Amino acid sequence: MNYLKNVTTLKIDTETCIGCGLCIAVCPHGVFALADSKAHIIDLDACMECGACARNCPVDALSVDSGTGCASGIINGLLNGSGECCCDKGNGC
Amino acid sequence: MTDCCYKTTCCPTKREAWMIAEIETPAGKVPRIGTCLTIHDVLGALKVRFAVGRHNYTIPPGLYAVGEPTAESPVFVSANYKLSFDHLRNALDGTNGWVMVLDTQGINVWCAAGKGTFGTGEIVNRVKQTQLDQVVSHRKLVVPQLGAPGVSATDVAKQCGFSVLYGPVRAEDIPVFLKNNFTATPTMRHVRFALRDRIAVIPVELVIWFKQALILAVLLALLSGFSRDGYGLANAPRAFGLVFTAWLTGGALVPMLLPFIPARAFSLKGVWAGLGLWVVLGTAKLLGPGGLIELGWGLILTAIVSFMALNFTGTSTYTSVSGVKKEMKIAIPLQLIAALAGTACIVLGGLL
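Residues numbered from 1 in each chain as written. Chains lettered and ligands numbered in written order. Predicted model: local features only at pLDDT ≥ 70, side-chain atom pairs only at ≥ 80, totals over all residues.

Some points on the overall build of chain B
Regarding its fold elements, chain B presents twelve helices and nine strands. Against the compact-globule benchmark of 20 Å for 352 residues, chain B has a radius of gyration of 26 Å, which places it well outside the compact range. Each principal axis of the C-alpha atoms in chain B carries an extent, and together these give about 85 × 40 × 30 Å. Per-residue burial over chain B gives 46% buried out of 352 residues. For chain B, the proportion of contacts with a sequence separation of at least 24, taken over those separated by at least 6, is 66%. (Helix = DSSP H or I, 4+ residues; strand = E, 2+ residues; numbered from the N terminus. Rg over C-alpha atoms; globule rule 2.2 N^0.38 Å. Buried ≥ 20, exposed ≤ 12 C-beta atoms within 10 Å, placed from the backbone. Contact = placed C-beta atoms within 7 Å.)

Structural notes on the nonpolar core
In terms of nonpolar packing, the biggest core is built from 72 residues, with Cys23 and Val26 of chain A together with Val75, Val77, Trp98 and Val99 of chain B touching the most fellow members. Here the element with the most residues in this core is helix α3 (residues 109-115) of chain B; it accounts for five residues. Setting aside anything within four residues of it in sequence, one finds Val99 of chain B in contact with Ile33, Tyr64, Val66, Phe76, Ser78, Leu88 and Arg89 of chain B. Counting residues in each nonpolar core, the second largest holds 40 residues, with Trp278, Leu299, Val305 and Ala339 of chain B among its members. (Core = buried A, V, L, I, M, F, W, Y, C linked by C-beta atoms within 7 Å.)

Points about the domain arrangement of chain B
Partitioning chain B into domains gives domain 1 (19-189) and domain 2 (195-351). Using only C-alpha atoms to locate each centre, domain 1 of chain B and domain 2 of chain B end up separated by 41 Å. (Domains from an automatic or database assignment.)

Digging into helix α12 (residues 321-351) of chain B
With 31 residues, α12 of chain B should reach 45 Å at 1.5 Å per residue; the first-to-last C-alpha distance of 44 Å fits that figure. Of all the bends in α12 of chain B, the greatest, near 35 degrees, is centred on Met328 of chain B. (Expected span 1.5 Å × (residues − 1). Bend = angle between axes of the 7 residues up to and from the residue.)

What to know about the environment of Arg192 of chain B
Mapped onto the secondary structure, Arg192 of chain B falls in the loop between α7 (174-179) and α8 (195-223). With 118 residues separating them along the chain, Arg192 of chain B and Pro74 of chain B place their C-alpha atoms 26 Å apart.

Here's the deal with the pairing of strand β5 (residues 97-101) of chain B
All names here are of chain B. Counting buried positions along β5 gives five out of five residues, so the element sits mostly inside the fold. Every second residue of β5 is oriented toward a common face, with Gly97, Val99 and Val101 on one face and Trp98 and Met100 on the other, all of them buried. As judged from the five bridges shared by strand β3 (residues 62-66) and β5, these two strands associate in the antiparallel manner. Across the sheet, Tyr64 pairs through a bridge with Val99, a residue of β5. Handedness of the crossover is the feature at issue here: the chain leaves strand β4 (residues 75-78), passes through helix α2 (residues 82-91), returns alongside β5, and the resulting connection is right-handed. (Pairing = 2+ DSSP bridges. Right-handed = clockwise from strand over helix to strand, strands pointing away.)

A word on the interface of chain B and chain A
How big an interface is tends to be stated in terms of accessible area lost as the parts join. Listed as interface residues are 38 residues of chain B and, on the opposing side, 37 residues of chain A. Elements supplying a minimum of two residues to the side of chain B that touches chain A: α3, α6 (153-160), α11 (291-311) and α12 of chain B. For the side of chain B that touches chain A, the element with the most residues is α12 of chain B, which contributes eight residues. Along the lines of polarity and charge, the residues of the side of chain B that touches chain A split into 20 nonpolar, 13 polar and five charged. (Nonpolar A, V, L, I, M, F, W, Y, C, P; charged D, E, K, R; others polar.)

Looking at the packing of α11 of chain B against α12 of chain B
Residue and element names in this part refer to chain B. Running from N to C, α11 and α12 point in directions that differ by 155 degrees, and their axes come no closer than 7 Å. What the angle tells us is that α11 and α12 run roughly antiparallel. Relative to α12, the crossing made by α11 is left-handed. Grouping the amino acids of the contact of α11 with α12 by side-chain chemistry returns 17 nonpolar, eight polar and one charged. (Axes fitted to C-alpha atoms, helices over the stretch in contact; angles between N-to-C directions. Parallel < 35°, antiparallel > 145°, perpendicular 65-115°, else oblique. Left-handed = near helix turned anticlockwise from the far one by under 90°.)

Quick look at unusual backbone geometry
Across residues other than glycine, the phi torsion is negative in most instances, and most of the peptide bonds are trans. Residue and element names in this part refer to chain B. The backbone of Phe182 sits at a positive phi, close to 60 degrees, despite the residue not being glycine. By the secondary structure assignment, Phe182 is in the loop between α7 and α8. Take Phe182: there are 13 C-beta atoms within 10 Å of it, and that puts it in the partly exposed class. A positive phi angle, near 55 degrees, is found at Lys285, a position not held by glycine. Counting through the fold element by element, Lys285 comes out in the loop between α10 (266-283) and α11. When the 9 C-beta atoms within 10 Å are taken as the criterion, Lys285 is described as exposed.

See below:
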């Protein structure tokens, strides 16, 4: 299953990458692979911007505007001015 | 939560059936939990799957023992949503270990990680509160992979001395993960959204949208009452029937057929499903008398199904926030226009 093409904000700075492989371990959609002791993006459009890779990268080589891809959460956030939230509709929104 | 019986675990209001005993540790008594799910747990899971008491299905945060754990046994981190906790303890059948439950306010691991309640701060805090450094001799925490959006492994290590090992996405893979010396295979690292996963979330979708569907049905039933001969509610049953057919299509059929409906954008998948519904009901002459009313209902059905499909992005496991915002900008105005134009057609069609 693939979502929209060319929308993800994920970026990798291969220069900074130390090839620890943590991004590969935390990514739920197989976006990364290790080659020549560096992480590379092999399936950019599979990225759902969960932010796990950027949060765990020990050298800040990854950046992504993370958030929850949830229309209800975005609508609730706009209506209540409370920021985006999801999963628990009605709770904390 | 008065007179707590455990130092390391907040006291439950009543003794829970899944706490089967307690064991002594250097940090005090720790409740031991069972790994078999009882009919009570199964019924509880069924209830939350139907959105009944979903926000209060919690267990007390703290440290728990599974089997006969020692100071060398692994520590598994979990959320205090009972459904998450039940999956974990069930998967730990036959394993000796510790379960450290975080306070995620009753939210599952992945969603709580997105909010940050399942996160670095709460892990560090819970490690200290449970005096985990006295209970175990190693300094490792097995954190579910889906907790990673909220957890920085580096910061956890810096702040409490425990290193984070990311476990598999699904608790059921833990036994193999342990057998493989704490290594997850690529399959274990992948989030799926298979048919059975999609079917499991359908009841919550339907329950959540029921109220809105009901309000819309009442409104449209009232608006479809105008005719040349005056006002009447003869068309009300059709309004209810059609709105709830759209509700079922958007809340059940679209999730089930999700990968088979063309288009990447969920709202567009909804348009195809809505048009399909339009064709089927139109052919069966169920959309009403007269071309204008038929057109009106067709537009409304498509708008409802498309809107519900768009909202299914939040339940799905692979949509990005950038993508959802992009499709919303186009889809929501069009859905509104279709719904309003459709309503106008129904009212006009009745009067002409």
